[in-house]
Amino acid sequence: MKVLLCPLNDPGYLYPALAVGRELRRRAHAVHVLAAPQAAPVVAAAGLAVSAAGDDTALSVAHWTVRGPEQHAVVARAVRLLRPDVLVTSVLCHGALVAAEAAGLPVVVLGLTAHLWPYRGGAGPVDAHGRAWRLAETLKHYGEVREAAGLAPRHDRFPDTALLGTAFLLRGHPLLEAADAELPPAVRHVGPCWWEPEPPAVEPLPDSRPLAYVHLGRTFGGTSLWPRLNAAFTSGTHRAVVELGRSGAPDADRDADLVVGRRPWMGPLVERADLVLTNATSAPVLAALLHGKPLLVAPNGSEQQVLAAGCLRAGVARMLPEPGASAVDLRAAVEETARDAELRACAEELGGLLADGKSETRAADAVESAAR
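What counts and how
Numbering of residues starts from 1 in every chain and runs along the sequence as written. Totals for whole chains, interfaces and linings use every residue, but because this is a predicted model, local features are given only for residues with pLDDT of at least 70 and side-chain atom pairs only at 80 or more, for both listing and counting. To get the side-chain values, take all heavy atoms of the structure and skip hydrogens and water. Here is the rule: rings of Phe, Tyr and Trp (six-membered ring for Trp) pair when centre to centre is within 6.5 Å. Planes less than 30 degrees apart are stacked, more than 60 are edge-to-face, and the remainder are tilted. The way it works is that DSSP assigns letters per residue, a run of H or I at least four long becomes a helix, a run of E at least two long becomes a strand, and they are numbered from the N terminus. In this scheme, a residue with accessible area under 20% of its type's maximum is buried, one over 50% is exposed, and one in between is partly exposed, where area comes from a 1.4 Å probe on protein chains only. Both a distance and an angle decide whether a charge sits over a ring: NZ of Lys or CZ of Arg must be within 6 Å of the ring centre and within 35 degrees of the ring normal. Pairs of N or O atoms within 3.5 Å make up the polar contacts considered here, provided that, within protein, one atom can donate a hydrogen while the other can accept it, and that residues adjacent in sequence are counted only when both atoms are side-chain atoms. Pairs of residues are marked as contacts when any of their non-hydrogen atoms sit within 4.5 Å.

### A word on the packing of aromatic side chains
This model, assessed by the stated rule, comprises two aromatic pairs. When the ring of Tyr15 is compared with that of Trp195, the centres are 5.5 Å apart and the planes differ by 90 degrees; the resulting orientation is edge-to-face. Residue Tyr15 is found in helix H1 (residues 11–26), and its partner Trp195 is found in the loop between strand S7 (187–189) and strand S8 (211–215); the two are separated by 180 residues along the sequence. Aromatic pair Trp117 and Phe168: ring centres 5.7 Å apart, planes at 55 degrees, arrangement tilted. Note that Trp117 is positioned in the loop between strand S5 (107–110) and helix H5 (131–149) and Phe168 in strand S6 (residues 167–170), a separation of 51 residues in sequence. Residue Phe168 is classed as buried on the basis of its relative accessible area, which comes to 3%. Here Arg120 stacks its cationic end above the ring of Phe158, 3.7 Å away from the centre of that ring.

Okay, here's the thing in structure tokens:
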């Protein structure tokens, strides 16, 4: 079987696709990864074949709402050249969905940790986290890509059907969904599909104080974490290593105990940390759980609100005090999260369920089934 991986090339989307690709290659399938120049070295480090995608923006999540037609063109070209039996792509990579439909190919979609769109039933009468709005906005951008590709309108019974592909794989666990949630039939939980590049060495830190790992997400017009980070990690018990991710420029106070940077990995630092403080995006949440670390969450937009709510329901997270909270309260939130034995036990339990799920195996099984 020939598999074309065409994920978004940002680490949070690329790395899980590479984990699945490595398992498919282990099963003797031919695996090619559509990668822009910036992502190509990471794909090569994972031991997979690179199919050149041209510039870096068509497969970037930062441009998913505006570069869909270019994304479709890049994927369609790779389909013509490689003639794959199945595509594997990322949620929000609408160009791949449209290219697969136009070519009559099955497509498996790697989702995020929790389901972002409306459930089929249950889950309460109130849409507390904008699921219906989020689906409508996503379908608008998807429709623009289909229209640009010249495809006829779809008439699906459920509006999300086109976005789910042949199979839609969530990287979390049912415990992170609403208790009475009914997922669409195409959607299943497989687990983290965790992979990241090996760090060149253990990162040296200035002293041996307890460590917090902080991972910043986008603000989506919400509040920056920097004022609260500066207060929480000045004259407190913990030093923080801050991963900027796709956030903007750092704004650390000179006196704050913050080590700031951008790194292509997080596992070794999470392993050394007492807790993980995050806006609640998939990669840092899954890293925290896989290492049995409690979470302190401060969501803004996109998946952050849905995933933070799931973590709170599952008993693996506390909420960071709101903007304007005192430095005393912010420092206390860090210290209390770090030493909360019940929170840690729940994180270890859920992390164990995720690790025991053999996620790459289940994801590869889904790809093989889709291609039959």
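### Quick word on the side chain of Asn300
Turning to its location among the elements, Asn300 is positioned in the loop between strand S12 (295–297) and helix H10 (303–313). A residue is classified by how much of its surface remains accessible, and Asn300, at 11% relative accessible area, is buried. Within the local environment of Asn300, its side chain forms a polar contact with the backbone nitrogen of Thr223, the two atoms lying 3.2 Å apart. Ignoring sequence-local partners within four residues, the contact set of Asn300 consists of Arg218, Thr219, Gly222, Thr223, Asn279 and Gln305.

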